[in-house]
Amino acid sequence: MRIGKLLAAIFGSLILLSGAAMTTGGAIALAVTDGNGWINAPTARVETDTAAVVGADIYLDLGDAIDEQTYVSFSDIPARIEVDSRNGKDVFIGVAAAEDVASYLRGTAHARADFFDDDIELFTSDGGTVLVSPAAQPFWVASATDGSLDWDLESGNWSVVIANADGSSGVDVAVTGSARIPFVEAIGIGLLVFGVMAIVGGAVMLYFGVRSDPRAQWATPAQPTPPAPSDTTNEPVIVS
């Protein structure tokens, strides 16, 4: 009986901890998304005297199959880049292959930054002060001039370019990157449900494992058995 209670206490504790971890993970998964399923990176302020800002290269290898089994296609997950101009100029946003961007910006002053870093550090390259017709270039896989760029993720080595729409120098913007992953909310809800179930089950097992037996606590001590009466009598013996 004691071994059974010990095992119940051990497994109850493990299940309880697992349930707490699942519940925490589910809460985090739901907290990082907005009401429409978008995960938003913190807004970053970028300011440079050059003609363009280019983000660090983004390498994506988004295979749709694992062990020859097809799962959710990552190409179905849209990304969004929102740019708010801080100097009143119209802003161009473009995504293209990293080699095309490098060739396009060669000879033009531009700054390179990692938009996903908490502390953005700009690395400036010298060159001309005007960027030639950014919106007219044919190599962009996605581009926008209204401050919001939607792009369906696909495999490749990509660069994001932000510039003034007229190609002039002096870029001052606030940048927010987002991605919409539809199954994150479902995963969060599933983790919460299973986590709560595990917490309840683990707590019940732990309770029965550590509680004492009330019958043993209130049992009446056994009374000693009185000795059996002797068959011998103490009558006096008369000797004649």
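Reading the values: the criteria
Residues numbered from 1 in each chain as written. Predicted model: local features only at pLDDT ≥ 70, side-chain atom pairs only at ≥ 80, totals over all residues. Heavy atoms only, no water. Helix = DSSP H or I, 4+ residues; strand = E, 2+ residues; numbered from the N terminus. Buried < 20%, exposed > 50% of the residue type's maximum accessible area, 1.4 Å probe, protein only. Contact = heavy atoms within 4.5 Å. Areas by Shrake-Rupley, 256 points an atom, 1.4 Å probe, with all protein chains shown as cover. pLDDT = per-residue confidence, 0-100. Polar contact = N/O pair within 3.5 Å; in protein donor to acceptor, adjacent residues only side chain to side chain. Core = buried A, V, L, I, M, F, W, Y, C linked by side-chain atoms within 4.5 Å. Phe/Tyr/Trp six-rings, centres within 6.5 Å; stacked < 30°, edge-to-face > 60°. Patch = residues over 30% accessible without salt bridge, like charges linked within 9 Å, V, L, I, M, F, W, Y side chains within 5 Å. Salt bridge = Lys/Arg side-chain N within 4 Å of Asp/Glu carboxyl O. Arc of directions from axis to C-beta. Pairing = 2+ DSSP bridges.

Caption draft 1: Just the overall build of the protein chain, in detail. Assigned secondary structure in the protein chain consists of 4 helices and 14 strands. In the protein chain, which comprises 240 residues, the share counted as buried stands at 32%. Within the protein chain, residue pairs in contact and separated by at least 24 positions form 85% of the contacts whose partners lie at least 6 positions apart. Put simply, the protein chain shows about 15,300 Å² of open surface, and 58% of that area lies on carbon and sulfur atoms.

Caption draft 2: How the structure looks around the confidence of the model for the protein chain. Residue-level pLDDT values for the protein chain average 77, and 71% of them are 70 or greater. For residues 65-71, every residue scores under 50 in pLDDT, and the model assigns this stretch 5 contacts once sequence neighbours within four places are set aside.

Caption draft 3: Structural context of the side chain of Asn164. When you line up the elements, Asn164 lands in strand E13 (residues 156-164). Separated by 3.0 Å, the side chain of Asn164 and the backbone oxygen of Ser168 make a polar contact. Residues within four places of Asn164 in sequence aside, it is in contact with Ala51, Asn87, Lys89, Asp90, Phe92, Pro134, Ser169, Gly170 and Val171.

Caption draft 4: Examining the nonpolar core more closely. If you look at the biggest cluster of nonpolar residues, it comprises 23 residues, and the most contacted ones within it are Val83, Ile93, Trp151, Ile162 and Val173. Residue assignment for this core shows that the elements contributing at least two residues are strand E7 (78-85), strand E8 (91-97), strand E11 (142-144), strand E12 (148-152), E13 and strand E14 (171-180). Per-element tally for this core: the top contributor is E8, with 4 residues. Within the second largest apolar cluster, 13 residues are counted, among which are Ala51, Val54, Phe92 and Val161.

Caption draft 5: Molecular detail of the packing of aromatic side chains. Enumeration over the complete set of coordinates arrives at 5 aromatic pairs. The rings of Phe92, Tyr104, Phe139 and Trp140 are connected pair by pair, giving a single aromatic cluster.

Caption draft 6: Spotlight on the environment of Gly190. With respect to the helices and strands, the residue Gly190 is situated in helix H3 (residues 183-210). It is 9.0 Å that separates the C-alpha atoms of Gly190 and Met22, two residues lying 168 residues apart in sequence.

Caption draft 7: Inspection of a nonpolar patch on the surface at higher detail. A contiguous nonpolar patch, built from Ile3, Leu6, Leu7, Ile10, Phe11, Leu14, Ile15 and Met205 and spanning about 730 Å² of accessible area, is present on the exposed surface. In terms of residues, the nonpolar patch owes the most to one element, helix H1 (residues 2-31), which gives 7 residues. Here Ile10 shows up in helix H1.

Caption draft 8: Geometry of helix H2 (residues 98-105). Residues Ala98, Val101, Tyr104 and Leu105 constitute the buried set of H2. End-on, the buried residues of H2 take up no more than an arc of 125°, which puts them together on one face. Elements in contact with the buried residues of H2: strand E3 (52-55), E8, strand E9 (110-113) and E13. Following H2 by one or two positions, Gly107 adopts a phi angle in the positive range, close to 90°.

Caption draft 9: Layout of the pairing of E14. The element E14 is extensively covered by neighbouring structure, given that 8 of its 10 residues are classed as buried. Note that strand E1 (residues 38-40) and E14 share 3 bridges and pair antiparallel. If you follow Ile39 over to E14, its bridge partner there is Ala179. The pairing of strand E2 (residues 44-48) with E14 spans 5 bridges and is antiparallel. Bridge pairing in E14 places Thr48 opposite Val171. Summarising the sheet, E7 and E14 pair through 7 bridges and their orientation is antiparallel.

Caption draft 10: Seen up close, the pairing of E9. Here E3 pairs with E9 via 3 bridges, running parallel. When the sheet's bridge partners are listed, Val53 is paired in E9 with Ala111. Pairing geometry for E9 and strand E10 (residues 123-125), over 3 bridges, is antiparallel. Looking across to E10, one finds that His110 is bridged to Ser125.

Caption draft 11: Just the environment of Thr24, in detail. Mapped onto the fold, Thr24 is located in helix H1. Separated by 2.9 Å, the side chain of Thr24 and the backbone oxygen of Ala20 make a polar contact.

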